[in-house]
Amino acid sequence: MLMVFLHSTPDDHRLWMFQASHFSAWFRTIAVDLPGYGRSGPAQKGFSISDVADAAWETVDRISTGQVIVHGNSMGSMVAMQMA
């Protein structure tokens, strides 16, 4: 099972470094850089939370076809709720 971590503003994937490491003993874990943050490309003008959720799903779909647990903090939680 995949566990996905979505960060807050103005952070990036490093916000979840310790949690992703901890849970990797039981799950496959990834911490995603949302558009415009960290190592991701710049966000397009007018990008919505729905667009960010779609981009996160595209990332998830590239690496997993099974069940997913999604964690989010602040902006990441809004993206996680949209993903649900």
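Chemist: Hey, could you run me through the overall build of the protein chain in this one?
Modeler: Counting its regular elements, the protein chain contains three helices and three strands. Ordered by position in the sequence, the α and β elements of the protein chain form the string β-α-β-α-β-α. Whereas a compact globule of 84 residues would reach a radius of gyration of roughly 12 Å, the protein chain reaches 12 Å, a difference of no more than 12%. Viewed in the frame of its principal axes, the protein chain has a C-alpha envelope of about 40 × 25 × 20 Å.

Chemist: How should the pattern of salt bridges be read in this particular structure?
Modeler: A pair can form between side chains of opposite charge whenever their charged atoms are brought close. Scanning the entire structure with this criterion turns up one salt bridge. Residue Asp12 is joined to Arg14 by a salt bridge in which the shortest nitrogen-to-oxygen separation is 2.9 Å. By relative accessible area, Arg14 is classed as exposed at 55%.

Chemist: Looking at this structure, I do not really get the side chain of Asp33. What am I missing?
Modeler: Examined against the element boundaries, Asp33 turns out to sit in the loop between strand E2 (28–32) and helix H2 (49–63). One buried charged side chain, Asp33, makes no salt bridge at all; its nearest oppositely charged neighbour is Arg39, positioned 5.4 Å away. Reaching out from Asp33, the side chain makes a polar contact with the backbone nitrogen of His13 at a distance of 2.6 Å. Among the polar contacts made by the side chain of Asp33, one reaches the main-chain amide nitrogen of Arg39 at a distance of 2.8 Å. Apart from the residues lying within four places of it in its own chain, the contact partners of Asp33 are His7, Asp12, His13, Gly38, Arg39 and Ser40.

Chemist: Just to check I follow, could you spell out a negative patch on the surface for this structure?
Modeler: On the surface, Asp51, Asp54, Glu58 and Asp61 cluster together into a patch of negative charge. Overall, the relative accessible area of 48% leaves Glu58 in the partly exposed class.

About the thresholds
- Residues numbered from 1 in each chain as written.
- Predicted model: local features only at pLDDT ≥ 70, side-chain atom pairs only at ≥ 80, totals over all residues.
- Heavy atoms only, no water.
- Helix = DSSP H or I, 4+ residues; strand = E, 2+ residues; numbered from the N terminus.
- Rg over C-alpha atoms; globule rule 2.2 N^0.38 Å.
- Salt bridge = Lys/Arg side-chain N within 4 Å of Asp/Glu carboxyl O.
- Buried < 20%, exposed > 50% of the residue type's maximum accessible area, 1.4 Å probe, protein only.
- Lys, Arg positive; Asp, Glu negative; His and termini not counted.
- Polar contact = N/O pair within 3.5 Å; in protein donor to acceptor, adjacent residues only side chain to side chain.
- Contact = heavy atoms within 4.5 Å.
- Patch = residues over 30% accessible without salt bridge, like charges linked within 9 Å, V, L, I, M, F, W, Y side chains within 5 Å.
- Areas by Shrake-Rupley, 256 points an atom, 1.4 Å probe, with all protein chains shown as cover.
- Charge placed at Lys NZ, Arg CZ, Asp CG, Glu CD.

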